Amino acid sequence: MEKIFIIAEAGVNHNGDMALAKQLIDIAVDAKADAVKFQTFIAEKLVSKFAEKAAYQKVSTDAAENQLNMIKKLELKFDQFEELRNYADSKNIMFLSTPFDFPSIDFLKSLGMTHGKIPSGELTNMPYLIKMAKSFEQLIVSTGMSEMAEIHAALKVLQDHGAKKENIVVLHCNTEYPTPFEDANLRAMQSIEKEFNIKVGYSDHTPGIEAPVAAVALGATVIEKHYTIDKTMEGPDHAASLDPQELKAMVSAIRNIEKALGSGEKAPSKSETKNKTIARKSIVAARDIKAGEILTEDNITVKRPGNGISPMLWYDVLGKKAVRDFQTDELIEL
């Protein structure tokens, strides 16, 4: 089984502060995530001055500012991302970032990134999809707010422009922060897998760690989850993020579920084999039996341990003659 790829989504929870961004990398490393991911954008290329903020953003940020002003405060420059990439490399954790515009795609590609992340909001952006397909070897595609037909169209664009299906992972996602549990719809991930015969994963915005852990049990190969240093900080995503201890707990739980899923082959495990004779039963004497006596339901029964004749051979034993004397509870021999 391929290892579950866990992305610690720092996103914009650095609040534009490089020291905070590096601290987020440290937290991802401590949690033993496979990758730490940020978001790379030029605010003016991402958002128009007329764009409103989402309802959840109005609650967690200054309600008087527009989306452009909010995003501008969260923007890091390209040279800062290069510094973060180098820092992540020094900590032996994969650096990822979601690009939201063409210059950001080109920049991240220039850093040698092989994995490109397509966010939910760009799923219906054909020029963007074409650029991503031509820029990165591996693609991770989030599908929040989408229908099957839109996923189909996006995958067609990506594959028509060079992306190989085996190098694409489609993440089921709900783009609400936080996502109500009743809207998580984890089974949709399995529907995507069945519909497109493609690798799937889950980008989670529900509170806590239950949903991503459950997604692993349902077949997710990639898990992405926002985290922060402090959920009470001002910023659009902090409130819907995990704190450092929760991130560590999520990674640990996923690794345990990963082990528990196993190979799928039904056979006694190494750890339980020793218990077979203890827990199973054998055919034994229900009372003292004399040699030559016919074995009947009155003088034999079934009891532990299981190192004698299996009760599955009960009707093969009935009617046979006792080969010797047997004491009560002694294993029957033929």
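Our subject is the structure listed above.
Residues numbered from 1 in each chain as written. Predicted model: local features only at pLDDT ≥ 70, side-chain atom pairs only at ≥ 80, totals over all residues. Heavy atoms only, no water.

Caption draft 1: Geometry of the overall build of the chain. From N to C terminus, the chain includes 15 helices and 10 strands. Taken against the 2.2 N^0.38 rule, which gives 20 Å for 334 residues, the C-alpha radius of gyration of the chain at 29 Å runs more than 25% over that of a compact globule. For the chain, the C-alpha atoms occupy an extent of roughly 100 × 40 × 40 Å along the three principal directions. Burial status across the chain gives 45% buried among its 334 residues. Contacts in the chain between residues far apart in sequence, at least 24 positions, make up 67% of those at least 6 positions apart. Total accessible area computed for the chain in this model is approximately 16,700 Å², and 52% of it derives from carbon and sulfur atoms. Within the chain, the 48 negative side-chain charges are centred at a point lying 5 Å from the centre of the 41 positive side-chain charges. (Helix = DSSP H or I, 4+ residues; strand = E, 2+ residues; numbered from the N terminus. Rg over C-alpha atoms; globule rule 2.2 N^0.38 Å. Buried < 20%, exposed > 50% of the residue type's maximum accessible area, 1.4 Å probe, protein only. Contact = heavy atoms within 4.5 Å. Areas by Shrake-Rupley, 256 points an atom, 1.4 Å probe, with all protein chains shown as cover. Lys, Arg positive; Asp, Glu negative; His and termini not counted. Charge placed at Lys NZ, Arg CZ, Asp CG, Glu CD.)

Caption draft 2: Molecular detail of the packing of helix α1 (residues 18–31) against helix α12 (residues 244–261). Running from N to C, α1 and α12 point in directions that differ by 35°, and their axes come no closer than 8 Å. Considering how the two elements wind past one another, α1 and α12 form a crossing that is right-handed. Between α1 and α12, the contacting residues are Ile27, Ala28, Asp30 and Ala31 on the first element and Pro244, Leu247, Lys248 and Val251 on the second. (Axes fitted to C-alpha atoms, helices over the stretch in contact; angles between N-to-C directions. Left-handed = near helix turned anticlockwise from the far one by under 90°.)

Caption draft 3: Focus on the sheet that holds strand β2 (residues 35–40). Taking strand neighbours across the sheet as the criterion, the 8 strands line up as β3-β2-β1-β8-β7-β6-β5-β4 in an open arrangement whose pairing is parallel. Edge positions in the sheet fall to β3 (94–99) and β4 (115–118), since each has one partner strand and no second. Strand-to-strand, the axes of this sheet are offset by a mean angle of 25°, without reference to chain direction. Inspection of the sheet shows strand β1 (residues 5–11) paired to strand β8 (residues 222–226) by 5 bridges, in the parallel sense. Across the sheet, the residue bridging to Ile7 is Glu224, located in β8. Along the sheet, helix α5 (residues 78–90) makes contact with β2 and β3, crossing β2 at roughly 180°. (Pairing = 2+ DSSP bridges.)

Caption draft 4: Structural context of the nonpolar core. Within the largest apolar cluster, 72 residues are counted, with the highest numbers of intra-cluster contacts made by Leu158 and Tyr227. The leading source of residues in this core is α1, at 7 residues. In this view, Tyr227 contacts Ala8, Glu9, Ala10, Asn13, Leu24, Ile25, Ile27, Ala28, Val36, Ser241, Leu242 and Leu247; residues no more than four positions away in its chain are not counted. Residues Ala285, Ile300, Trp314 and Phe326 belong to the second largest nonpolar core, which totals 11 residues. (Core = buried A, V, L, I, M, F, W, Y, C linked by side-chain atoms within 4.5 Å.)

Caption draft 5: Spotlight on the side chain of Asp101. Take Asp101: it is sitting in the loop between β3 and α6 (102–110). It is Lys45 that comes nearest to the buried, bridge-free Asp101 among opposite-charge side chains, at 6.8 Å. A distance of 2.8 Å separates the side chain of Asp101 from the backbone nitrogen of Ile42, its partner in a polar contact. Within the structure, the side chain of Asp101 is placed 2.7 Å from the side chain of Ser104, a separation counted as a polar contact. Excluding residues that lie within four positions of it along the chain, Asp101 makes contacts with Phe41, Ile42, Lys45 and Tyr128. (Salt bridge = Lys/Arg side-chain N within 4 Å of Asp/Glu carboxyl O. Polar contact = N/O pair within 3.5 Å; in protein donor to acceptor, adjacent residues only side chain to side chain.)

Caption draft 6: View of the pairing of strand β6 (residues 168–173). Counted residue by residue, β6 has 6 buried out of 6 residues, so it is predominantly covered. In β6, alternate side chains face the same way, and those of Ile168, Val170 and His172 on one face and Val169, Leu171 and Cys173 on the other are all buried. The pairing of strand β5 (residues 138–142) with β6 spans 4 bridges and is classified as parallel. Paired with Val141 across the two strands is Val170, which belongs to β6. Between the parallel elements β5 and β6, the chain passes through helix α8 (residues 148–160) in a crossover that is right-handed. The pairing of β6 with strand β7 (residues 199–204) spans 5 bridges and is parallel. Following the sheet pairing, Cys173 is matched in β7 by Ser203. (Right-handed = clockwise from strand over helix to strand, strands pointing away.)

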